[in-house]
Amino acid sequence: MTSTVVIDPVTRIEGHAKVTILLNKGGSVKEARFQVTDFRGFEKFSEGRPFYEMPSITSRTCGICSVSHLLASTKACDEILAVSIPRTAILLRRLMHMGQIIQSHALSLFHLSSPDLLLGMDSNPAKRNIFGLIESRPDLARQGIRLRKFGQEIIECLAGKRIHPNEWVVPGGVKSPLTKEKAGKMLSGLPEALETTLATLSMFKNRLRNFTGDVENFGNFPTYYMGLVTPEGSLEHYDGEIRMIDPKGKIVSDHLDPKKYYEYIGEAVEPWSYMKFPYYKPLGYPKGTYRVGPLARLNIASQCGTPLADEELKQFRQMGENGIVQSTFLYHYARLVELLFCLEQTKEILDEPETYSDHVQARAYPNRNEGVGVAEAPRGTLIHHYKVDDQGRITWVNMIIATEHNNLAYNRAVTQVAKRYVKRKRLSEGMLNRVEAVIRAFDPCLSCATHAWGNMALDAQLFDSEGNLLDKLTR
Amino acid sequence: MEPAMKVRLATVWLSGCSGCHMSFLDQDERVIELAEKVHLVYSPLADVKIFPENVDVTLVEGTVANEEQEELLKQVRARTRILVSLGDCAVTGNVTGLRNTLNENVESVLGHAYIETVDANPQVPTDVPKLLEQAHPLHEAVNVDYFVPGCPPSADLIHYFLTELLAGRAPKMEGIAKYG
């Protein structure tokens, strides 16, 4: 018989989860489970709807990465139309996705995780949030808010709306071209965004020496890594091919067709979570643990492809053996490198003349009964797979969301942290927050992963192997 | 402003996409001004885990879709002076409520996700909060004082609503809030 500890809910993540820690008879940690406790059923209630409604419906999977869902969904719809979309539309969709990743990474770093990194993991929980940061570090809070705003304004400039901007991204391309006036507005915000990112990078690296224990114990273990890369192996967020590397950094599969994800990705279920467990099929379940997202993307990419990000990538690679960085804590670092890349890409796209062409949409009726759309969302590889009848009505849907790919890794990471910080059968506030912080480092988006969202009270309980209450902590 | 003078504000996420909370953050620098006037006592953005007593205003996003959410919402109502349905899911059920119109029960929706599209261990999870047969807008479960519609409500609308409320005036939503 084992004992259990529960953290409920896990806060300052985008979603609804709790952590249960199971103890052995001797009182040591046996395993920890990251449980997702809500479900909305998008895959079922979409059946019967016209395919062109899918972008606006599935964007509602998540209010944080709604643009990534819009793009994966419209890419699946492009496949159903069987059209080749204009290059300008691709450039504009890419630009919009840069805005998405910038705002999401800013949210993760400043609004959600910086209270841990700046105020301290053991600081007063009542102040350990963005409002506490506004009070104690107003300048920094303002910079973070403005960086997120910069990303959101790219989306708003293009689509007229920041969240669920589904009227502009449409199957076959985008609805309207970009004017020079709007581009000027985006360009004018770039220098400040870049300055904030560079200052945050340098502050993060300076503070890293205070967190050496956390770097070592924060889900620091070898796994496979997966993500999209360009045909040349560079960092990619909108299109490209799937690359899988092993824990030593060896490419085990390259140039995989993302549309055939089901040939190499399987999905499993456990009775204690609404979030499914994808695994790398050649290794089987549950051995086929791999990670996705910013850390994975930097590990798999041969290079970023922009000067500042590539310079920073060299330093990032020094944090791991053979250049492969395994510590989940360093997802934060990877997000900063990606922020640099996205800002550089934004500039490149805005400097490209073809971005301003009027040819932005290919029009067609459904010409295929199936479509798969794949993109790299802020948190990793996002897959939308639809089947339609001859009139284009949805008959079947499967979605694999960025956060789901990391599910096996979450459980390993949480177990590792619990083993380090749960001692002598007692709980401490700092321990609970560290277990949560490792999850926050992954930056899960559970509204996406379960196509659900919610919130509950925390009640951590520790039981001995006889079922007697040893310790209790609430806040 | 002294903490004791500040309005005690809470925000709650039930079954929804977080878009309404993101729109709240889309007030951008106005969030800094808001922090002058309110004390955030409970929120998914903060670490307090038990919904506190004596809350002045609570913004609730999402529908009531499982048993735990129903229980939490009742507790929120009992401890809040002004309870606000924030966004279309809370106001009408919206996208989260689309499952309500299916001619099938909860089991078949779960079966599609956890049995039909799965390669290993197909099974419907059991050690998780039980879903309600229907996803409900808030007012079907508790009394609601204000409704702020939109998917999501715009940052400007949320800002107008909070500004009026904090000034002690009743926000006039007619002509300002619209569908979509």
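Caption draft 1: View of the overall build of chain B. A tally of regular secondary structure across chain B gives six helices and seven strands. Each helix (α) and strand (β) of chain B, taken in turn from the N terminus, gives the series β-α-α-β-β-β-α-β-α-α-β-β-α. The dimensions of chain B, computed from C-alpha atoms along their principal axes, are 55 × 35 × 30 Å. Counting over 180 residues, chain B shows a buried share of 48%. Once local pairs closer than 6 in sequence are excluded, the contacts in chain B between residues at least 24 apart make up 79%.

Caption draft 2: Structural view of the overall build of chain A. Summing up its helical and strand segments, chain A has 15 helices and 16 strands in all. Sorting the 475 residues of chain A into buried and exposed places 60% on the buried side.

Caption draft 3: Representation of the sheet that holds strand 7 (residues 146–148) of chain B. All names here are of chain B. As summarised here, the arrangement of the five strands in space is 2-1-3-5-7, forming an open sheet in which the pairing is parallel. Looking at the sheet topology across the chains shown, the edges are occupied by strand 2 (38–42) and strand 7. On average, each strand axis in the sheet is inclined to that of its neighbour by 30°, with strand direction left out of account. One ladder, built from six bridges, connects strand 3 (residues 55–61) with strand 5 (residues 80–86); its direction is parallel. The residue of strand 5 that forms the bridge with Val57 is Ile82. Of the strands in this sheet, strand 1 (7–13), strand 3 and strand 5 touch helix 3 (residues 67–79), which is tilted by about 135° from strand 5.

Caption draft 4: Spotlight on the packing of helix 4 (residues 87–119) of chain A against helix 6 (residues 138–159) of chain A. All names here are of chain A. Axis separation between helix 4 and helix 6 bottoms out at 8 Å; the angle between their running directions is 155°. In terms of their interaxial angle, helix 4 and helix 6 are classed as roughly antiparallel. In this structure, the crossing between helix 4 and helix 6 has a hand that is left-handed. Its residues assigned to classes, the contact of helix 4 with helix 6 comprises 14 nonpolar, eight polar and one charged.

Caption draft 5: Expanded view of the interface of chain A and chain B. Taken together, the 59 residues of chain A in the interface contact 58 residues of chain B. For the side of chain A that touches chain B, the secondary-structure elements that each account for two or more residues are helix 1 (42–45), helix 5 (130–136), helix 6 and strand 9 (265–268) of chain A. Among the elements that line the side of chain A that touches chain B, the one with the most residues is helix 6 of chain A, at five residues. For the side of chain A that touches chain B, the class distribution of residues is 25 nonpolar, 18 polar and 16 charged.

Caption draft 6: Geometry of the nonpolar core. Grouped together as the largest cluster of nonpolar side chains are 181 residues, with contacts concentrated most on Leu92, Leu158, Val337, Val414, Ala418 and Val438 of chain A together with Val60 of chain B. Summarising the domain contributions, this core has at least three residues from each of domain 1 (84–220 + 328–363) and domain 2 (221–327) of chain A. Setting aside chain neighbours within four positions, we find Val337 of chain A in contact with Leu298, Ala309, Glu312, Leu313 and Phe316 of chain A.

Caption draft 7: Local environment of the packing of helix 3 (residues 66–81) of chain A against helix 4 of chain A. Residue and element names in this part refer to chain A. Where helix 3 contacts helix 4, the axes come no closer than 9 Å and their chain directions differ by 150°. Comparing their axes, helix 4 and helix 3 come out roughly antiparallel. Seen from above, helix 3 lies across helix 4 with left-handed handedness. Note on element contacts: helix 4 touches helix 3 through Arg93, Met96, His97 and Gln100, opposite Val67, Ser68 and Leu71. Classifying every residue of the contact of helix 3 with helix 4 by side-chain character gives three nonpolar, three polar and one charged.

Caption draft 8: How the structure looks around the pairing of strand 9 of chain A. Residues and elements named next belong to chain A. Burial of the side chains of strand 9 extends over both faces: Ile265 and Glu267 are buried on one face and Gly266 and Ala268 on the other. Bridge count between strand 9 and strand 10 (residues 277–280): four bridges; the pairing is antiparallel. Pairing of Gly266 across the sheet is with Tyr279, part of strand 10.

Caption draft 9: Up close: the confidence of the model for chain B. Residues and elements named next belong to chain B. Chain-level statistics for chain B give a pLDDT mean of 90 and a share of 96% at 70 or above. For chain B, helix 5 (residues 106–116) is the element with the lowest average pLDDT, namely 80, and strand 5 is the one with the highest, namely 98. Across the whole predicted complex the pTM is 0.91, and at the interface the ipTM reaches 0.92.

Caption draft 10: Seen up close, the domain arrangement of chain A. All names here are of chain A. The domain boundaries assigned to chain A delineate domain 1 (84–220 + 328–363) and domain 2 (221–327). The straight-line distance from the C-alpha centre of domain 1 to that of domain 2 is 21 Å. Of all the elements in the fold, those that place two or more residues in the side of domain 1 that touches domain 2 are helix 4 and helix 11 (331–351). Top contributing element to the side of domain 1 that touches domain 2 by residue count: helix 11, with ten residues.

Caption draft 11: Structural context of helix 3 of chain B. All names here are of chain B. Between the first and last C-alpha of helix 3 there are 19 Å, a value that for 13 residues agrees with the 18 Å anticipated at 1.5 Å per step. Along helix 3, the positions that sit buried rather than exposed are Glu68, Gln69, Leu72, Leu73 and Val76. The buried residues of helix 3 occupy an angular sector of 130° when the element is viewed end-on, so they sit on one face. Summarising the geometry of helix 3, the exposed residues directed more than 90 degrees from the buried face are Glu67 and Ala78. Close packing links the buried residues of helix 3 with strand 1, strand 3, strand 4 (64–66) and strand 5.

Caption draft 12: The environment of Lys205 of chain A, seen in detail. Residue and element names in this part refer to chain A. You can see Lys205 is positioned in helix 7 (residues 180–207). Its 15 C-beta neighbours within 10 Å are what place Lys205 among the partly exposed residues. For the pair Lys205 and Tyr333, spaced 128 residues apart in sequence, the C-alpha separation works out to 8.2 Å.

Caption draft 13: Layout of the sheet that holds strand 7 (residues 241–245) of chain A. All names here are of chain A. Taken in spatial order, the four strands line up as 8-7-6-11 in an open sheet, and their pairing is mixed. Bordering the open sheet on either side are strand 8 (251–256) and strand 11 (290–291), each of which pairs with just one other strand. In this structure, strand 7 lies alongside strand 8, joined through three bridges in antiparallel fashion. Along strand 8, the bridge assignment pairs Ile242 with Leu256.

Caption draft 14: Region of interest: unusual backbone geometry. In this structure, Pro286 of chain A follows Tyr285 of chain A across a cis peptide bond, with omega equal to 0°. Relative to the elements of secondary structure, Pro286 of chain A occurs in the loop between strand 10 and strand 11. Look at the link from Cys151 of chain B to Pro152 of chain B: it is a cis peptide, with omega at -10°. Considering the arrangement of structural elements, one finds Pro152 of chain B in the loop between strand 7 and helix 6 (155–166). One non-glycine residue, His164 of chain A, adopts positive backbone phi at about 55°. Of note, His164 of chain A is situated in the loop between helix 6 and strand 4 (169–170). A positive phi angle, near 45°, is found at Asn94 of chain B, a position not held by glycine. For Asn94 of chain B, the location among the structural elements is in the loop between helix 4 (88–92) and helix 5. For Asn94 of chain B, a count of 21 C-beta atoms within 10 Å translates into the label buried.

Parameters and conventions
- Residues numbered from 1 in each chain as written.
- Chains lettered and ligands numbered in written order.
- Predicted model: local features only at pLDDT ≥ 70, side-chain atom pairs only at ≥ 80, totals over all residues.
- Helix = DSSP H or I, 4+ residues; strand = E, 2+ residues; numbered from the N terminus.
- Buried ≥ 20, exposed ≤ 12 C-beta atoms within 10 Å, placed from the backbone.
- Contact = placed C-beta atoms within 7 Å.
- Pairing = 2+ DSSP bridges.
- Axes fitted to C-alpha atoms, helices over the stretch in contact; angles between N-to-C directions.
- Parallel < 35°, antiparallel > 145°, perpendicular 65-115°, else oblique.
- Left-handed = near helix turned anticlockwise from the far one by under 90°.
- Nonpolar A, V, L, I, M, F, W, Y, C, P; charged D, E, K, R; others polar.
- Core = buried A, V, L, I, M, F, W, Y, C linked by C-beta atoms within 7 Å.
- Domains from an automatic or database assignment.
- pLDDT = per-residue confidence, 0-100.
- Expected span 1.5 Å × (residues − 1).
- Arc of directions from axis to C-beta.

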